[in-house]
Amino acid sequence: MTQQKPKLLIIEDDPGLQKQLRWSLDAYDVVVAGDREAALAQIRRHEPAVCTMDLGLPPDPDGSTEGLATLQQILALAPDTRVIVLTGNQDHANAVKAIGMGAYDFHQKPVDPEVLNLVIQRAFFLHNLQQENRRMQQSQADSPLAGVISRDPGMLKVCRTIEKVAPTSASVMLLGESGTGKEVLARAIHALSPRAKERFMAINCAAIPENLLESELFGYEKGAFTGAAKQTKGKVELAHGGTFFLDEVGDLPMALQAKLLRFLQERVIERIGGHEEIPVDVRIVCATHQKLKDLCAQGRFREDLYYRLSEIVVTIPPLRQREGDCALLAHHFKNKFCTQESRASLHFAPDALAAIEAYQWPGNVREMENCIKRAVIMADANTIVADDLGLPDTGAEEEPLNLRQVRDEAEYKAIARALARSDGNIVKASEMLGVSRPTLYDLMGRHGIKASA
């Protein structure tokens, strides 16, 4: 079976040159277009990774206006396509302009087939590398667990805990602020469990009115109430054999808390209007942003239910406490939305990264995702600047990344604290710091700290 040739688009209005290029570029599956309309049609149909384009296209074959307009539309339609512009010897200014608009390279006429072939090979090679890099970033970008992207030690510890408890039958309670990824972790528990091939059912207790929540959970029999035209299974029953995820369990009404407790104890349910006990085998995972122990003390949540649900408790740190994850997630979402919105690769300006790291992200990962999507849409050229993010100005100074500067600042603070605690006693201060007295004197001299008289 022969390997499929890569698709190459040639935009050229001269039939003779079209034929010559076809002949010299026989290593590719060549398609041709003679004007702007045909070129855009071929781009939409074939989505070629590389195309060559003559700037002199009809109705302006002696100028460059039509060619530049075509280039602009091609890059808007297929931003990852590598466009190689063909120009005359006296057309250097327009070649520079084309490069500024986003063309990959330019080649002067008359065409040298060997040189042009090398340029095209390089363009295909770089395009393939870019696509492979994007796929790798999207699929595995620092992901310790499916769906989780983090390098923070606290979050990595959470992921290790999830991996340990997932194969068991224990009920898991996920605690964390809104937007920290509680449902992502719940799905990871299901995916790593022996129940992975069965259903994962989720319900948000805060999103469903109290009078409908019971029927959503446990189902109802035909004629149980007005409008109950047929027997309907609840989500607990539908999750039989799999995992049932109760999100925002802290909002569960007291009457339903008692019914849920009975189900957890007996592992049977009764549909509304029914009298038959139906055995159901599900693994329960719940989540909430509320402090359930406080709700128990206030009489708003059953203590016995709390202990049934919290056999394993996993606390998810908020984004603001996850060291380095703000920038890491920002890059991940940028790559994701560049692909989704058909934009060429974007980069963060230093002021944008500083704003991302300084912001507290009260909405956590969900807020970050929305913010970066907006920035990808709003960004001009190929750079995301701070204004594109729409974040409030915190006025915070960017923390240094230079290791020498960071170390010097840490040394100064530690020496100052040790001297303060020891009331200026060099012997005690050196013992606190774990260094000798001569070393401490050297450090004090380097940092300009004077010993007290």
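Look up: the structure comes first, before these words.
Report follows, based on the coordinates. Quantities reported herein were computed from a predicted structural model and do not represent experimental measurements.

What to know about the overall build of the protein chain
The helix and strand tally for the protein chain stands at 19 helices and 16 strands. Over its C-alpha trace the protein chain gives a radius of gyration of 32 Å, far above what one expects of a compact globule, namely 22 Å for 453 residues. For the protein chain, the C-alpha atoms occupy an extent of roughly 90 × 85 × 45 Å along the three principal directions. When burial is assessed residue by residue, the protein chain has 44% of its 453 residues classed as buried. Pairs at least 24 apart in sequence give 66% of the contacts found in the protein chain among residues at least 6 apart. When the accessible area of the protein chain is evaluated, it comes to approximately 24,700 Å², of which 50% is carbon and sulfur surface. Distance between charge centres in the protein chain, computed from 53 positive and 61 negative side chains, equals 6 Å.

Describing the state of the cysteines
What makes a disulfide is a covalent bond joining the sulfur atoms belonging to two cysteines. Considering all chains together, one arrives at 0 disulfides under this definition. Between Cys159, a cysteine without a disulfide, and Cys326, which holds the nearest cysteine sulfur, the sulfur-to-sulfur distance is 16 Å. Look at Cys159 and you get buried, because its relative accessible area is 0%. Here Cys296 is not cross-linked by a disulfide; its sulfur's nearest cysteine counterpart is in Cys286, at 11 Å. Since its relative accessible area comes to 18%, Cys296 is described here as buried.

With respect to helix H10 (residues 254-266)
A rise of 1.5 Å per residue sets the reference length of H10, with its 13 residues, at 18 Å; its end C-alpha atoms lie 19 Å apart and thus fit the reference within 8%. Where H10 is concerned, the buried positions are Leu256, Gln257, Leu260, Leu261, Phe263 and Leu264. Buried residues along H10 cover an arc of 160 degrees about the axis, so they all sit on one side. In the core, the buried residues of H10 are packed alongside helix H8 (210-218), helix H9 (235-238), strand E10 (243-247), strand E11 (268-269), strand E13 (283-288) and helix H12 (303-309). Phi turns positive, to about 60 degrees, at Arg267, one or two residues after H10.

Topic: the pattern of salt bridges
Considering all chains together, one arrives at 16 salt bridges under this definition. With a closest N to O distance of 2.9 Å, Asp325 and Arg322 form a salt bridge. Across this residue pair, the class does not change: Asp325 and Arg322 are buried. Within this structure, Glu12, Asp54 and Lys109 form a network of salt bridges that share partners.

Digging into unusual backbone geometry
With an omega of 10 degrees, the peptide bond running from Pro58 to Pro59 counts as cis. Structurally, the position occupied by Pro59 is in the loop between strand E3 (50-54) and helix H3 (65-77). The peptide bond linking Lys109 to Pro110 adopts the cis configuration, its omega dihedral lying at 0 degrees. Counting through the fold element by element, Pro110 comes out in the loop between strand E5 (105-108) and helix H5 (113-140). Of note, the phi angle at Ser342 is positive, near 55 degrees, even though the residue is not glycine. When you line up the elements, Ser342 lands in the loop between helix H13 (325-340) and strand E15 (347-348). Residue Ser342 is classed as partly exposed on the basis of its relative accessible area of 43%. Its identity as a non-glycine residue notwithstanding, Trp361 has a phi of 50 degrees, on the positive side.

Here we look at the pairing of strand E4 (residues 82-87)
Counting buried residues along E4, 6 of its 6 residues qualify, which places the element largely inside the surrounding structure. Neither face of E4 is left uncovered, since the one carrying Arg82, Ile84 and Leu86 and the one carrying Val83, Val85 and Thr87 both have all their residues buried. Relative to E4, E3 runs parallel, the two sharing 5 bridges. Each residue of the ladder has a partner; that of Asp54, found in E4, is Leu86. Running through H3, the crossover from E3 to the neighbouring parallel element E4 is right-handed. As paired elements, E4 and E5 share 4 bridges and run parallel to each other. Along E5, the bridge assignment pairs Ile84 with Asp105.

Considering the sheet that holds E3
Strand order in this open sheet of 5 strands is E2-E1-E3-E4-E5, and the pairing throughout is parallel. Two strands close off the open sheet at either side, each with one partner strand: strand E2 (29-33) and E5. Strand-to-strand twist across the sheet, computed as the mean angle between neighbouring axes with direction ignored, equals 20 degrees. The sheet strands contacting helix H2 (residues 36-46) are strand E1 (7-11) and E2, and the helix crosses E2 at an angle near 145 degrees. Helix H4 (residues 92-101) rests against E4 and E5 of the sheet, and its axis sits at about 160 degrees to E5.

Re the packing of H2 against H3
At a closest axis distance of 10 Å, the pairing of H2 and H3 adopts a crossing angle of 15 degrees. Regarding the angle of H2 to H3, the classification is roughly parallel. As H2 packs across H3, the resulting crossing turns out to be right-handed. Counting all contacts with H2, which are made through Arg36, Ala39, Leu40, Ile43 and Arg44, the residues of H3 involved are Glu66, Ala69, Thr70, Gln73, Ile74 and Leu77.

Reading the values: the criteria
Residues numbered from 1 in each chain as written. Predicted model: local features only at pLDDT ≥ 70, side-chain atom pairs only at ≥ 80, totals over all residues. Heavy atoms only, no water. Helix = DSSP H or I, 4+ residues; strand = E, 2+ residues; numbered from the N terminus. Rg over C-alpha atoms; globule rule 2.2 N^0.38 Å. Buried < 20%, exposed > 50% of the residue type's maximum accessible area, 1.4 Å probe, protein only. Contact = heavy atoms within 4.5 Å. Areas by Shrake-Rupley, 256 points an atom, 1.4 Å probe, with all protein chains shown as cover. Lys, Arg positive; Asp, Glu negative; His and termini not counted. Charge placed at Lys NZ, Arg CZ, Asp CG, Glu CD. Disulfide = S-S within 2.5 Å. Expected span 1.5 Å × (residues − 1). Arc of directions from axis to C-beta. Salt bridge = Lys/Arg side-chain N within 4 Å of Asp/Glu carboxyl O. Pairing = 2+ DSSP bridges. Right-handed = clockwise from strand over helix to strand, strands pointing away. Axes fitted to C-alpha atoms, helices over the stretch in contact; angles between N-to-C directions. Parallel < 35°, antiparallel > 145°, perpendicular 65-115°, else oblique. Left-handed = near helix turned anticlockwise from the far one by under 90°.

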